[in-house]
Amino acid sequence: MSTEEKKAPSRKEALEAIMSRWAPAPGTETVPVPEALNRVAAQDMFAEYTLPVVRASAMDGIGVAAAAFQKGIPDTSHWRPGREYARADTGDDFEDRFDAVIPVESVTFLPDGGVTIAPDTAVTAGLNVRPAGSSVKKGEQILPAGRRLRPFDLAALTLGGKVDVAVVKKPVVAFIPTGSELVAPGTPPERGQNIDSNSVMVRAMLEEMGAEPRLFPIVPDDPAALRAALERAVPVSDIVLICGGSSKGGEDFNADIVSSMGEYILHGVASAPGRPMCAAMLAGKPLINVPGPPFAAYFVLDWCVSALVARFLGAEPPARKTVRARLTKDVGPTPGMEILRRLEVRRSADGFEATPVGGRGGCTFRTLTASGQTVTDGGGTGHAAGDVIEVEYLR
Ligand SMILES: Nc1nc2c(c(=O)[nH]1)N[C@H]1C(S)=C(S)[C@@H](COP(=O)(O)OP(=O)(O)OC[C@H]3O[C@@H](n4cnc5c(N)ncnc54)[C@H](O)[C@@H]3O)O[C@H]1N2
Ligand code: MOO
């Protein structure tokens, strides 16, 4: 490992260096609640209405007056619906003179409208009745600003009487693929060419993060064209990603171009894949030079760009499910830097097991499409087959 690698900042340090220079000023917009999935609430939300308005039955049954049961179960054979009792099924309101609901399982309906009630039924006021406001009370906080709205949050907003919700405007994230060897998806590659798969992956990842992707056409490895693309992208975006040309190749110009255009922050992190990423500020906006190999691009989006998008939105990055899984193979030590490993996670008799796939920086299909991932610590000793480790589960 070179001295340069040893001195490279960790992912955390790199993020701190970028964030400390960036003061995003997101706008807000109002969207219909059914269209607000995964958007971030811009303000605390409070209920407009109380539900149930008065009360509701909590079971399918009959509404009765508990007073009639003060001395035990009365003779109910002469009762009539609408007189001594009324049908009150789950969620139903019922007349004010009734204050308890006896579940149908305890009631036998007689042909003439009378009923018999199971002898072990104890009836007190409020039995199986959900009071006013037991779903939601007017003025009650439904959710706080900064909440990334999930399907059940949308239901809670709707129950609280909301039809619209103020959300943080999505950050526009430019993605500029670069490389004279790249061809657009669908173009049969010739010798030396490669398919621009990152545009497709990055677009989907940005959408998942809650950003608005703005994809630029492929730019050849030509400094003037690269500079022109950046000059086009910066004014129309909140965050700019330029992909490829991050390392030490003869056509890796981006770090130089970027540092001549704005404030250079860092080139290289102690984390792989994606080690040669570069970060700068251009016109007050973060610019990330995302390394070109697909798995490197993935990881930089996963830890760095998702944190930037979350910061812009004022929300936590979407959390992943993790599982404890038993390794079926060793995961080697990783001196000096954190390494992302992909693993195939399967259910086993006693929980989950995980098999590492691919190598460092690998970008085979299996690595990209594996069902789990873990990051091994820089300087760590790795893990042995049989160890149980925490693995992020990728849907
Ligand atoms: N001598 C050295 N070589 C390399 C080093 C190093 O330190 N010294 N670092 C390696 C590491 S680590 C990485 S990661 C890569 C970084 O590559 P670049 O960001 O410079 O990307 P390119 O050279 O332009 O392309 C590399 C590879 O990725 C493919 N690529 C690029 N863009 C896309 C895209 N939009 N979709 C799909 N694939 C893409 C490109 O065609 C190349 O195959 O450098 C190592 N080398
Ligand atoms: O960062 Mo590169 O992808 O480490 O191999």
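Since the structure is predicted, the reported quantities are computational estimates derived from the model, not experimental observations.

**A look at the domain arrangement of the protein**
Structurally, the protein comprises domain 1 (3-27 + 169-313), domain 2 (36-48 + 137-168), domain 3 (56-130) and domain 4 (321-393). A straight line from the C-alpha centre of domain 1 to that of domain 2 covers 33 Å. Counting from both sides, the interface comprises eleven residues of domain 1 and, opposite them, six residues of domain 2. Across the interface of domain 1 and domain 2, roughly 570 Å² is buried in total on both sides, 51% from carbon and sulfur atoms. The largest per-residue losses of area from domain 1 upon contact with domain 2 belong to Lys169, Lys170 and Leu313, which jointly make up 62% of the total buried on that side. Counting the contacts that link domain 1 with domain 2 gives zero salt bridges. Remark: the boundary between domain 1 and domain 2 carries three residue pairs in polar contact (both at pLDDT 80 or more). Of all elements in the fold, only α4 (198-209) and α7 (294-313) reach the threshold of two or more residues within the side of domain 1 that touches domain 2. Residue composition of the side of domain 1 that touches domain 2, by class: five nonpolar, two polar and four charged.

**Let's talk about the layout of surface pockets**
Computed from the structure, the largest pocket encloses a volume of approximately 1200 Å³. Along the wall of the largest pocket there are 32 residues; nearest its centre are Glu208, Tyr298, Asp302, Arg320 and Leu394. The set of elements that each furnish at least two residues to the lining of the largest pocket consists of α2 (11-19), α4, α7, β21 (321-327), α8 (365-369), β24 (372-376) and β25 (388-393). Considering only residue class, the lining of the largest pocket consists of 18 nonpolar, six polar and eight charged. Residue-level mapping places the lining of the largest pocket at the junction of two domains, with at least three residues from each of domain 1 (3-27 + 169-313) and domain 4 (321-393). Its boundaries defined by the atoms lining it, the second largest pocket holds a volume of some 480 Å³. Contributing to the lining of the second largest pocket are 29 residues, with Gly244, Pro291, Gly292, Pro293 and Pro294 lying nearest its centre. Classifying every residue of the lining of the second largest pocket gives ten nonpolar, twelve polar and seven charged.

**Here's the deal with the pairing of β24**
Every other side chain in a regular strand lies on the same face of the sheet, so the side chains alternate between the two faces. β24 sits mainly inside the fold: four of its five residues count as buried. As defined by bridge partners, strand β22 (residues 338-348) adjoins β24 across five bridges and the pair is classed as antiparallel. Bridged to Leu343 within β24 is Gly372. As defined by bridge partners, β24 adjoins β25 across two bridges and the pair is classed as antiparallel. From the neighbouring strand, Gly372 faces β25, where its bridge partner is Tyr393.

Definitions and cut-offs
- Residues numbered from 1 in each chain as written.
- Chains lettered and ligands numbered in written order.
- Predicted model: local features only at pLDDT ≥ 70, side-chain atom pairs only at ≥ 80, totals over all residues.
- Heavy atoms only, no water.
- Domains from an automatic or database assignment.
- Contact = heavy atoms within 4.5 Å.
- Buried area = accessible area lost by both parts, 1.4 Å probe.
- Salt bridge = Lys/Arg side-chain N within 4 Å of Asp/Glu carboxyl O.
- Polar contact = N/O pair within 3.5 Å; in protein donor to acceptor, adjacent residues only side chain to side chain.
- Helix = DSSP H or I, 4+ residues; strand = E, 2+ residues; numbered from the N terminus.
- Nonpolar A, V, L, I, M, F, W, Y, C, P; charged D, E, K, R; others polar.
- 1 Å grid on protein atoms, 1.4 Å probe; cavity = no way out; pocket = protein on both sides within 12 Å on 5 of 7 lines; lining within 4 Å.
- Points joined across faces, edges and corners; volume = space filled by probe spheres on them.
- Buried < 20%, exposed > 50% of the residue type's maximum accessible area, 1.4 Å probe, protein only.
- Pairing = 2+ DSSP bridges.

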